[in-house]
Amino acid sequence: MHEFARHTDVRAALADPALVPELPAADGGPVGASVAWLRATVARFSSGEPHRRRRAFVETELARLEPAALWSAVAAGTDGEVRVRLVHALAEALEMPQPREVAEAVTIVAGAYFGGADPAADEAVARLVALLAPEDADESALEAAANRIGLLVQACAATAALVDAAAGGNVPLARVLRETPPVRTMRRIAVRATRVAGQDIADGDVVLLDLAAAQSAHPVPVTFGAPPRVCPGRAHALALANGLLQRPLTAFAHLHHQAAPLLLPNAWDYASAAALAAQGFNAIGTTSLGVAAALGLPDGAAATAAATVALARRLGRGTFLFTVDAEGGFSDDPEEVAELARRLYDAGAAGINLEDGRSDGTLASVELHAAKIAAVKAAVPALFVNARTDTHWLGCQEEETAERLAVYEQAGADGVFVPGLSDPDGITALIGALVVPLNILYAPTGPDLTELAALGVRRISLGSLLYRRALAAAVTTATDIRDGRSTDLSAPSYTEVQATSVLRAADSRT
Ligand code: HEM
């Protein structure tokens, strides 16, 4: 048997189409009534065209489920075994009949999924098929039922193992996944001769992939596999595990785990934030460029800490959720950054953006940035930390982006942000390696909102665009009037601006 334990070799093996999942036991059990039939019919053990078809079906099923709803559903009930609770939540969300019975049968099947013959598990498959497929089901209806069962089976043991490993502590799940991987090894079989990492693999040879060893020496985990077969239930797994661990889902975090991504417009003062909130945006961000430029100060130079806190205090008087762009935290001392985060949270902020880019065009060390994230999460756990890396803007290698973000997730970041990244393949590759929501900066020449959502982007910011557009509108209007050109003068009225922008008298001290 061939064995691979190095990160690059494991990823090369996972990407090689000549290596396909190995069916653990002899095939050929009765159709609709055996684990062997189930395995031969689900995406997990298929390859080629059947795999593409079955995986597409599973992805469509998963797209119907909102991770945030799963998180709340499992957090609400505390009775029963973890595996049953999580499968129950999934079965209910997928509108399956008798979700409790489904969940109990699935846990029995899960115990035999990778093993040999088990009559109780065969019986459980038959019960599940009776519940989930019509009586006169044809081959395609049976395949659909099998893949719905397969989805629940896949969710069962690994998610329960993650919960087990994380229980009793407050370690970020991204770190638990790396340090105690729920899936430690995978097997593949060669369907034709191939060569991986200098080793010749003959047709029919079995390959063991040591995921645990591979990720122990590399920041980017592979416990969820890797593209093109990376686990399609990653977001659901994390949401279920967080819910089962009773980790709170704040209103602002919730917006990152819904079916539609969060579109975050960025304001630079109270009036712009209030005007945007009045248009129904679920949350408002701030733009550090807008805040700095309005005061005649440079952006990214740690010159606006006081102004940023003052703005947060004003925004905190509003009725909308907001998150604050705080450059690199205005300090290289993690404790000072944590103190700033506490002041922002006390002012009412729901989130903070912390970037690793420096004003001199270099990046802060990955360790320092991770230490800032960890210090903020320790001081203010409920503040959503969006960890930004400026690797893309600075032209670093793609691997550096994935590696930095993996470290930031493991330090406790609730989301990660790569401004400047807009190439769909780059976004897909990055998302395949992430477990927390990815934030992308909207680019007028890049993918639109629908495309970004389809790629799996969970938050889309407008950055400094609105501030720059506002400046452009002011200048164009003034110069058009001066030069006698006709100009678009549509604008909110004086009264409307007063109505949305004036803080209550007692609150206007900041
Ligand atoms: C911590 C929990 C989980 C871990 C570590 C995990 C890991 C994995 C791994 C390693 C694979 C195999 C990829 C391959 O064959 O190369 C996989 C496949 C799969 N997982 Fe997960 N998984 C987890 C939770 C879930 C959940 C919650 C769901 C569904 C809600 C799910 C659904 C699936 C499905 C449907 C497949 C088959 C995909 C395919 O063959 O293309 N998993 N998972």
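Residues numbered from 1 in each chain as written. Predicted model: local features only at pLDDT ≥ 70, side-chain atom pairs only at ≥ 80, totals over all residues. Heavy atoms only, no water.

Describe in detail the sheet that holds strand β6 (residues 206-210), supporting the description with residues and values.
The strands that make up a sheet pair up through hydrogen bonds in the backbone, lying either parallel or antiparallel. If you walk across this open sheet you meet the four strands as β1-β6-β3-β2, and the pairing is mixed. Both outer strands of the open sheet, β1 (2-4) and β2 (19-21), are each paired with one neighbouring strand and no more. Across the sheet, the axes of successive neighbouring strands diverge by a mean angle of 35 degrees, strand direction being ignored. The pairing of strand β3 (residues 185-190) with β6 spans five bridges and is classified as antiparallel. What sits directly across from I189, in β6, is V206. (Pairing = 2+ DSSP bridges. Helix = DSSP H or I, 4+ residues; strand = E, 2+ residues; numbered from the N terminus. Axes fitted to C-alpha atoms, helices over the stretch in contact; angles between N-to-C directions.)

Help me get a handle on the domain arrangement of the protein, residues and values and all.
Taken as a whole, the protein is organised into domain 1 (2-244) and domain 2 (255-470). Placing the centre of domain 1 and that of domain 2 at their C-alpha centroids yields a distance of 33 Å. With both chains or domains summed, domain 1 and domain 2 bury close to 1400 Å², and 64% of this area falls on carbon and sulfur atoms. Within the residue set of the side of domain 1 that touches domain 2, elements represented by two or more residues are α4 (67-76), α9 (173-179) and α11 (234-244). Taken together, the residues that form the side of domain 1 that touches domain 2 break down as 12 nonpolar, one polar and four charged. (Domains from an automatic or database assignment. Buried area = accessible area lost by both parts, 1.4 Å probe. Nonpolar A, V, L, I, M, F, W, Y, C, P; charged D, E, K, R; others polar.)

Run through the layout of surface pockets, naming residues and quoting values.
Computed from the structure, the second largest pocket encloses a volume of approximately 970 Å³. In this structure, the second largest pocket is lined by 39 residues; those nearest its centre are R44, Q154, A158, V183 and C231. Among the elements that make up the lining of the second largest pocket, the one with the highest residue count is helix α8 (residues 139-166) (10 residues). Among the residues forming the lining of the second largest pocket, the class breakdown is 25 nonpolar, 10 polar and four charged. (1 Å grid on protein atoms, 1.4 Å probe; cavity = no way out; pocket = protein on both sides within 12 Å on 5 of 7 lines; lining within 4 Å. Points joined across faces, edges and corners; volume = space filled by probe spheres on them.)

Any chance you could break down the sheet that holds strand β14 (residues 438-441) for me, citing the residues and the numbers?
Strands sit in the order β7-β15-β14-β13-β12-β11-β10-β9-β8 across an open sheet of nine strands; the sheet is parallel. The outermost strands of the open sheet, each flanked by one partner alone, are β7 (262-264) and β8 (266-267). Note: β7 against strand β15 (residues 459-461), three bridges, orientation parallel. Along β15, the bridge assignment pairs L262 with R459.

Give a detailed account of the coordination of the iron atom of the ligand, specifying residues and quantitative values.
Of all protein atoms, just one serves as a donor to the iron atom of the ligand, and that atom is C231 (SG), at 2.3 Å. By the secondary structure assignment, C231 is in the loop between α10 (211-216) and α11. (Donors = N, O, S within 2.8 Å, 3.2 Å for Na, K, Ca; no water.)

Please provide a residue-by-residue account of the packing of aromatic side chains, values included.
Counted according to the given criterion, the structure contains seven aromatic pairs. Taking 5.4 Å as the distance between ring centres and 80 degrees as the angle between the ring planes, the aromatic pair formed by F252 and F384 counts as edge-to-face. Taken together, the residues F252 in helix α12 (residues 251-254) and F384 in strand β12 (residues 384-388) connect sequence positions 132 residues apart. A residue is classified by how much of its surface remains accessible, and F384, at 3% relative accessible area, is buried. The ring centre of F45 lies 5.1 Å from the NZ or CZ of R44, which sits over that ring. (Phe/Tyr/Trp six-rings, centres within 6.5 Å; stacked < 30°, edge-to-face > 60°. Buried < 20%, exposed > 50% of the residue type's maximum accessible area, 1.4 Å probe, protein only. Lys NZ or Arg CZ within 6 Å of the ring centre and 35° of its normal.)

So what's going on with the side chain of H88? Residues and values would help.
With respect to the element layout, H88 can be found in helix α5 (residues 82-93). Beyond its immediate stretch of four places on either side in the chain, H88 contacts P99, R100 and A103. (Contact = heavy atoms within 4.5 Å.)

Any details on the side chain of H236? Residues and values, ideally.
Here H236 is to be found in helix α11. If sequence neighbours within four positions are ignored, H236 has contacts with L62, L65, P67 and L70.

An account of the site of the ligand is needed here, citing residue identities and associated values.
Close to the ligand lie 25 residues, the nearest being R44, H51, R55, R188 and C231. A43 places a main-chain nitrogen or oxygen 3.4 Å from an oxygen atom of the ligand. H51 places a polar side-chain atom, nitrogen or oxygen, 2.7 Å from an oxygen atom of the ligand. A molecule is said to occupy a pocket when more than half its atoms come within 2 Å of that pocket's grid points, and by this definition the ligand occupies the second largest pocket. If you list the elements that add at least two residues to the shell around the ligand, you get α3 (48-63), α8, β3 and α11. When residues of the shell around the ligand are assigned to their parent elements, the largest contribution, six residues, is made by α8. Counted by class, the shell around the ligand contains 14 nonpolar, seven polar and four charged residues. (Near = heavy atom within 4 Å. Polar contact = N/O pair within 3.5 Å; in protein donor to acceptor, adjacent residues only side chain to side chain. Sits in = over half its atoms within 2 Å of the grid points.)

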